[in-house]
Amino acid sequence: MDKKIVGARLKALREGVHLSQAKLAAMFEGVDQPSIYRYENGTTFPSFNVLIQYADYFDVSLDYIFGRTDNPQGKLYEFQPQVFKDNKQMQELIEMCFDPNSPANAKLKELLLKLIDKK
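Here goes a summary of the coordinates provided. (Residues numbered from 1 in each chain as written. Predicted model: local features only at pLDDT ≥ 70, side-chain atom pairs only at ≥ 80, totals over all residues. Heavy atoms only, no water.)

### A word on the packing of aromatic side chains
Here comes step 1: A complete count under the given rule lists five aromatic pairs for this structure.
Here comes step 2: With a centroid separation of 6.3 Å and an interplanar angle of 20°, the aromatic rings of F45 and F66 are classed as stacked. Taken together, the residues F45 in the loop between α3 (33–40) and α4 (48–58) and F66 in the loop between α5 (62–65) and α6 (82–85) connect sequence positions 21 residues apart.
Here comes step 3: Judged by relative accessible area, which is 33%, F45 ranks as partly exposed.
Here comes step 4: Summarising the aromatic geometry, the rings of Y54 and F58 are spaced 6.0 Å apart at their centres and angled 25° between planes, so their arrangement reads as stacked. Note that Y54 and F58 are positioned in helix α4 at a spacing of four residues, about one turn of the helix.
Here comes step 5: In this structure an aromatic cluster arises from ring pairing among F28, Y54, Y57 and F58.
Here comes step 6: Directly above the ring of Y64 sits R9, whose terminal nitrogen or CZ lies 4.3 Å from the centroid. (Phe/Tyr/Trp six-rings, centres within 6.5 Å; stacked < 30°, edge-to-face > 60°. Helix = DSSP H or I, 4+ residues; strand = E, 2+ residues; numbered from the N terminus. Buried < 20%, exposed > 50% of the residue type's maximum accessible area, 1.4 Å probe, protein only. Lys NZ or Arg CZ within 6 Å of the ring centre and 35° of its normal.)

### Let's talk about the side chain of E40
Here comes step 1: Structurally, the position occupied by E40 is in helix α3.
Here comes step 2: Separated by 2.5 Å, the side chains of E40 and R14 make a polar contact.
Here comes step 3: Filtering out sequence-adjacent residues up to four positions away, E40 remains in contact with G7, A8, L10, K11, R14 and Q21. (Polar contact = N/O pair within 3.5 Å; in protein donor to acceptor, adjacent residues only side chain to side chain. Contact = heavy atoms within 4.5 Å.)

### Looking at unusual backbone geometry
One can expect most non-glycine residues to show negative phi and most peptide bonds to be in trans.
Here comes step 1: In this structure, H18 takes a positive phi of about 55° despite not being glycine.
Here comes step 2: Note on placement: H18 falls in the loop between α1 (3–16) and α2 (21–27).
Here comes step 3: Of note in this structure, D59 is not a glycine but carries a positive phi near 55°.
Here comes step 4: Along the chain, D59 falls in the loop between α4 and α5.
Here comes step 5: Classification of D59 as exposed rests on a relative accessible area of 67%.

### Some words on the side chain of T69
Here comes step 1: Within the secondary structure, T69 sits in the loop between α5 and α6.
Here comes step 2: Judged by its relative accessible area of 15%, T69 is buried.
Here comes step 3: Polar side-chain contacts of T69 include one of 3.1 Å to the backbone nitrogen of N71.

### Here we look at α3
Here comes step 1: Among all positions in α3, only S35, I36, Y39 and E40 are buried. The buried residues of α3 occupy one face: seen down the axis, they fall within an arc of 130°.
Here comes step 2: Backbone geometry just after α3 places G42 at a positive phi near 75°. (Arc of directions from axis to C-beta.)

Printed below as a string of structure tokens:
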């Protein structure tokens, strides 16, 4: 992690809502104004607990605070399990199950309806 990037993000968040370092420190548990100053200037790195307090208070992701993304909501990942990613047999099975002319389609539909009824 780059302390300068994190510090710049923390400072921008605080200044964006027009809070002084002292007022922010008073709202956070276990943080004083000199610590806020050191975090923002990149001389020290905040603890995990402090980072969580920033993320919660400003409603931003840690990805944003760490500079991994410019999106305050964070990086959005498209989950793609390995079993599906490069597995030709699995892809063929999925295609077959959703082919309306396939006998597997009817069985899959029946199974899904049973699962829904159980809930």
